[in-house]
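# Structural overview for review
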Amino acid sequence: MMIRRTILLGTCALALLAAVPTASPAGAATRLTVYTALENEQLTPYKKAFEADNPGIEIDWVRDSTGVVTAKLLAEKDNPKADAVWGLAASSLMILDAQGMLMPYQPKGVDALKPSFRDAKTPPAWVGMDAWMAAICFNTVEAEKKKLPKPTSWADLLKPEYKGQIVMPNPASSGTGFLAVSGWLQTMGGDKAWGYMDRLNDNIALYTHSGSKPCKMAAAGEYPIGISIEYTGAQQKTKGAPIDVILASEGVGWEMEATAIVKGTRHVEAAKALADWAASRKANEQYVNFYQVTAHPGVTKETPNYPKNAEAAMNKTNDFAWAAANRDRILADWEKRYGAKSEPKS
């Protein structure tokens, strides 16, 4: 009788153990694979701040330019490798959402953010972080050597004296390149914008695969003019580069960086924690160290050498849904016309 009771107790214990989900080793953190197009200098402070508030979660970044990250996510649609996306263009996330690849989730505190900085659906598929915009980085020293005038508008960049003096990001690789092209198409209209880009291409020396690279090249004196990111220009000028950061007088194209959870993640709760934190005021206080325009209306900061009144320069007509829906067509046309001047892919 004692033997039978022992066997029954042991069997019950085994059944109870089998019903309990397998736990991670004590003290082991959840490793969250996060795809991003954030600039490299943003990765460490964002990761450090998030992990300090979420000690049971560690971020493993997978970082590349916007176009590359978007293509990678689409290629992995049937077997997703990412748990979340933190820092990718909203227009890219709209493409993923249209493919059913995102898990809708309403982060805590999202109602405190600017309404334009979130997906309109409830719950939202993505939530915005900050805005970045196309700017002209102008090396004053190199320009003086070559007797080049300072541009103040997109139209100025068509002047014949700028032939071979301008670098710009490839919009298929770079979110900054795409927001510039999308901005021209939306504000000028299709035919006029393509005509503008045809003439601009005559003055372009090279299309890069990084949004920040043209400004860094201008800062280093490799070329006098780079169409790039406004915050990169401010950073380079603060480091001592002889550049002016110019927001074109016609208005500038812009994009939102945003956060989303990838459908199929095996770490749903950790991904939700990331989405909650990414929408928080504390996170926005990280974002404002790089971009003056953030999702949280109460978070502002004066950044050295950042263009004044940047938010006012942003194009008022900026339809992210249109940009997402037309992205493939725009990029195919752009590549056919101008791709021959792109730098080799590394």
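The rules we used
Residues numbered from 1 in each chain as written. Predicted model: local features only at pLDDT ≥ 70, side-chain atom pairs only at ≥ 80, totals over all residues. Heavy atoms only, no water. pLDDT = per-residue confidence, 0-100. Contact = heavy atoms within 4.5 Å. Core = buried A, V, L, I, M, F, W, Y, C linked by side-chain atoms within 4.5 Å. Buried < 20%, exposed > 50% of the residue type's maximum accessible area, 1.4 Å probe, protein only. Helix = DSSP H or I, 4+ residues; strand = E, 2+ residues; numbered from the N terminus. Axes fitted to C-alpha atoms, helices over the stretch in contact; angles between N-to-C directions. Parallel < 35°, antiparallel > 145°, perpendicular 65-115°, else oblique. Nonpolar A, V, L, I, M, F, W, Y, C, P; charged D, E, K, R; others polar. 1 Å grid on protein atoms, 1.4 Å probe; cavity = no way out; pocket = protein on both sides within 12 Å on 5 of 7 lines; lining within 4 Å. Points joined across faces, edges and corners; volume = space filled by probe spheres on them. Disulfide = S-S within 2.5 Å. Phe/Tyr/Trp six-rings, centres within 6.5 Å; stacked < 30°, edge-to-face > 60°. Pairing = 2+ DSSP bridges.

## A few points about the confidence of the model for the protein chain
- Confidence along the protein chain averages 91 in pLDDT terms, with 92% of residues attaining 70 or more.
- For residues 1-24, every residue scores under 50 in pLDDT, and the model assigns this stretch 0 contacts once sequence neighbours within four places are set aside.

## Concerning the nonpolar core
- In terms of nonpolar packing, the biggest core is built from 101 residues, with Trp86, Trp154, Trp184, Met197 and Leu200 touching the most fellow members.
- Per-element tally for this core: the top contributor is strand β4 (residues 127-139), with 9 residues.
- Residue contacts for Met197: discarding those within four places in its chain leaves Val181, Trp184, Leu185, Trp334 and Tyr338.

## Describing the side chain of Ser182
- Checked against the element boundaries, Ser182 lands in helix α6 (residues 175-188).
- A relative accessible area of 3% means that Ser182 is categorised as buried.
- Excluding residues that lie within four positions of it along the chain, Ser182 makes contacts with Trp322 and Ala323.

## A few points about the packing of α6 against helix α13 (residues 320-338)
- Following both chains from N to C, one finds α6 and α13 inclined at 100°, their axes separated by 11 Å at the closest point. Relative to α13, the element α6 lies roughly perpendicular. Together, Phe178, Val181, Ser182, Leu185 and Gln186 of α6 and Trp322, Ala323, Arg327, Ile330, Leu331 and Trp334 of α13 make up the contact between the two elements.
- In the contact of α6 with α13, the residues fall into 8 nonpolar, 2 polar and 1 charged.

## Thoughts on empty space enclosed by the protein
- Inspection of every chain in the model, using the stated rule, returns 4 cavities of 30 Å³ or more.
- Approximately 70 Å³ is the volume attributed to the largest cavity.
- Taken together, 14 residues line the largest cavity, and the ones lying closest to its centre are Pro107, Val127, Thr259, Ala260 and Ala275.
- Considering each element in turn, the lining of the largest cavity owes the most residues, 3 residues, to strand β9 (residues 254-261).

## Digging into the state of the cysteines
- What the rule picks out here adds up to 1 disulfide.
- Here Cys137 connects covalently by a disulfide to Cys215, the sulfurs 2.1 Å from one another. The chirality of the disulfide connecting Cys137 with Cys215 is left-handed, given an S-S dihedral of about -90°. Highlighted residues: Cys137 in strand β4 and Cys215 in helix α8 (residues 213-219), separated in sequence by 78 residues.

## Some details on the environment of Thr317
- Mapped onto the elements of the fold, Thr317 is located in the loop between α12 (310-313) and α13.
- Along the backbone, Thr317 and Gly183 are 134 residues apart, and their C-alpha atoms lie at a distance of 8.4 Å.
- Contacts of Thr317, omitting those with residues within four sequence positions, involve Gln186 and Thr187.

## Some thoughts on the packing of aromatic side chains
- If you walk through the whole model with that rule in mind, you get 15 aromatic pairs.
- For the ring pair Phe50 and Trp277, a centre distance of 6.0 Å and an interplane angle of 80° mean the geometry is edge-to-face. With a gap of 227 residues between them, Phe50 in helix α2 (residues 40-53) and Trp277 in helix α10 (residues 268-278) connect regions that are remote in the sequence. A single burial state applies to Phe50 and to Trp277, both of which are buried.

## With respect to the layout of surface pockets
- Estimates place the volume of the largest pocket at around 280 Å³.
- Lining the largest pocket are 20 residues, with Ala37, Glu39, Arg63, Ser210 and Gly211 sitting closest to its centre.
- Only α2 and α6 provide two or more residues apiece to the lining of the largest pocket.
- Lining the second largest pocket are Asp64, Ser65, Val68, Ser173, His209, Ser210, Lys213, Glu343, Pro344, Lys345 and Ser346.
- Here the residues of the lining of the second largest pocket are counted per class, giving 2 nonpolar, 5 polar and 4 charged.

## Considerations on the pairing of strand β8 (residues 243-246)
- Neither face of β8 is left uncovered, since the one carrying Ile243 and Val245 and the one carrying Asp244 and Ile246 both have all their residues buried.
- The pairing of β4 with β8 spans 4 bridges and is antiparallel. The partner of Ile136 across the bridge, within β8, is Ile246.

## Digging into the environment of Gly233
- Along the chain, the position of Gly233 falls in helix α9 (residues 230-238).
- When its relative accessible area of 0% is taken as the criterion, Gly233 is described as buried.
- As a C-alpha pair, Gly233 and Gly164 span 69 residues in sequence and 21 Å in three-dimensional space.
- Discounting chain neighbours no more than four positions away, the residues touching Gly233 are Cys137, Cys215, Ile243 and Val245.

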